[in-house]
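# Chain and residue survey
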Amino acid sequence: MTSHATATELVRHCPAKVNLALSVGPPRADRLHPIASWMVALTFGDQLTLRRTNQPDSTWRIAFADDAPVPQPIDWPLERDLAYRAHRLLADHVGQPLTVDADLCKRIPAGAGLGGGSSDAAATLVGLNDLFNLNLTANDLTPLAATLGSDVAFLVAAMLGSPSAIVTGVGEHITPAPQPAPIDLVLILPPFTCPTGPVYAAFDEQHPHDAALRSNDVQALPTQHPLPPDAPFNDLAAPACQVQPQLAEAIANLTDMLDQPVHVTGSGAAMFIIAHTPTHARDLAATLTRSTPLAPVATQTLPQ
Ligand SMILES: C[C@](O)(CO)[C@H](O)COP(=O)(O)OP(=O)(O)OC[C@H]1O[C@@H](n2ccc(N)nc2=O)[C@H](O)[C@@H]1O
Ligand SMILES: Nc1ncnc2c1ncn2[C@@H]1O[C@H](COP(=O)(O)OP(=O)(O)OP(=O)(O)O)[C@@H](O)[C@H]1O
């Protein structure tokens, strides 16, 4: 993992996640949807720097990197930022201010289904735990993580050594699914987004009676080595295309152009292709850069 700790400063990689398989069940009484998903964390991600300070208050600097593949403004208030909220949550939990100067350098586009905000929150929980020697375990951090968002618990597990896992419940149950070798893939980042709530609502519209959680299909996928490029599946892909018709058009055009299966991660709008090797991933990314206005990123799953 790309983390480095000293007594006063810590730098953490906040990995993007991809759902290599995502099955969704009918909504529960609380309206949330049970999921079964094979999630993996990637070498592509944001970077969080935390510095201990003797100042009375914490400071947060949050900005997209100049070299981010899809540079964006930060268009949400600090109080709604998931990393800031994770900091407040942990400080309340341990009853200490955990005062830091925090610098969050973003590369993962928001609203892409790549869990950007969730990863920033997970890195904040894990990073503060290390920086202040809080000695909290995964069992302590997981329930806190789950209150922040559905993907935060997996990303905490990814940072603690399980970057490939089967995720169930509404994201809070994590079973490691170790991989013998990294999986190469190309992320394709479009200039539009998909809001998660409306995508789940479109799923209900499309499946009023027949939603079924295919846990066995999801669990079978990580046992295939190498992963066949057409194996990933996502029950939210069709609902995401209904919410964001530009996504359906992009998938159709890319499938035609590359003659490769193009998949959607999470609730979209980011897409991905499974590559055979790092060179294959870079070649596909170069083709996309030459021929489309979309931003491709050749990346890999994080090693165990
Ligand atoms: C699509 C996934 O990324 C798969 O990994 C997650 O299930 C969604 O994770 P997320 O973006 O962090 O979503 P959250 O912020 O937790 O939820 C946003 C909204 O999506 C809907 N939602 C979310 C998760 C879930 N299991 N069922 C839902 O119906 C709810 O309306 C919720 O208010
Ligand atoms: N640190 C953050 N980074 C990105 N978005 C954040 C952050 N904190 C709060 N948000 C809010 O969350 C929204 C979506 O965040 P995020 O990047 O996690 O979406 P996503 O990749 O679609 O998530 P998921 O994969 O979990 O569906 C943003 O539009 C923004 O309003």
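None of the values given here were measured: they were computed from a predicted structure.

The rules behind each value
Residues numbered from 1 in each chain as written. Chains lettered and ligands numbered in written order. Predicted model: local features only at pLDDT ≥ 70, side-chain atom pairs only at ≥ 80, totals over all residues. Helix = DSSP H or I, 4+ residues; strand = E, 2+ residues; numbered from the N terminus. Rg over C-alpha atoms; globule rule 2.2 N^0.38 Å. Buried ≥ 20, exposed ≤ 12 C-beta atoms within 10 Å, placed from the backbone. Contact = placed C-beta atoms within 7 Å. Near = placed C-beta within 6 Å. Nonpolar A, V, L, I, M, F, W, Y, C, P; charged D, E, K, R; others polar. Domains from an automatic or database assignment.

Next up on the list: the overall build of the protein chain. Per the secondary structure count, the protein chain includes nine helices and 12 strands. The C-alpha atoms of the protein chain give 19 Å as radius of gyration, which agrees with the globular expectation for 304 residues (19 Å, within 12%). Principal axes of the C-alpha set define a box for the protein chain whose edges measure 55 × 45 × 40 Å. In the protein chain, buried positions account for 46% of the 304 residues. Across the protein chain, contacts joining residues at least 24 apart in sequence account for 75% of those joining residues at least 6 apart.

A separate point is the site of ligand 1. Close contacts around ligand 1 come from 18 residues, with H33, G149, S150, Y200 and G266 the closest. When residues of the shell around ligand 1 are traced back to their parent elements, those giving at least two are β2 (9-24), β3 (35-52) and α5 (196-206). The element contributing the most residues to the shell around ligand 1 is α5, with three residues. The residue inventory of the shell around ligand 1, partitioned by class, reads six nonpolar, 11 polar and one charged.

Interface extent is often summarised as the accessible area lost during association of the parts. Examined at the domain level, the protein chain breaks down into domain 1 (4-176) and domain 2 (184-300). On a C-alpha basis, the centres of domain 1 and domain 2 stand 22 Å from each other. The partner domain 2 presents 37 residues to the 30 residues of domain 1 that form the contact. Secondary structure elements with two or more residues in the side of domain 1 that touches domain 2: β2, β3 and β6 (164-168). Counting residues per element, the side of domain 1 that touches domain 2 draws most heavily on β2, at seven residues. Considering only residue class, the side of domain 1 that touches domain 2 consists of 19 nonpolar, 11 polar and no charged.

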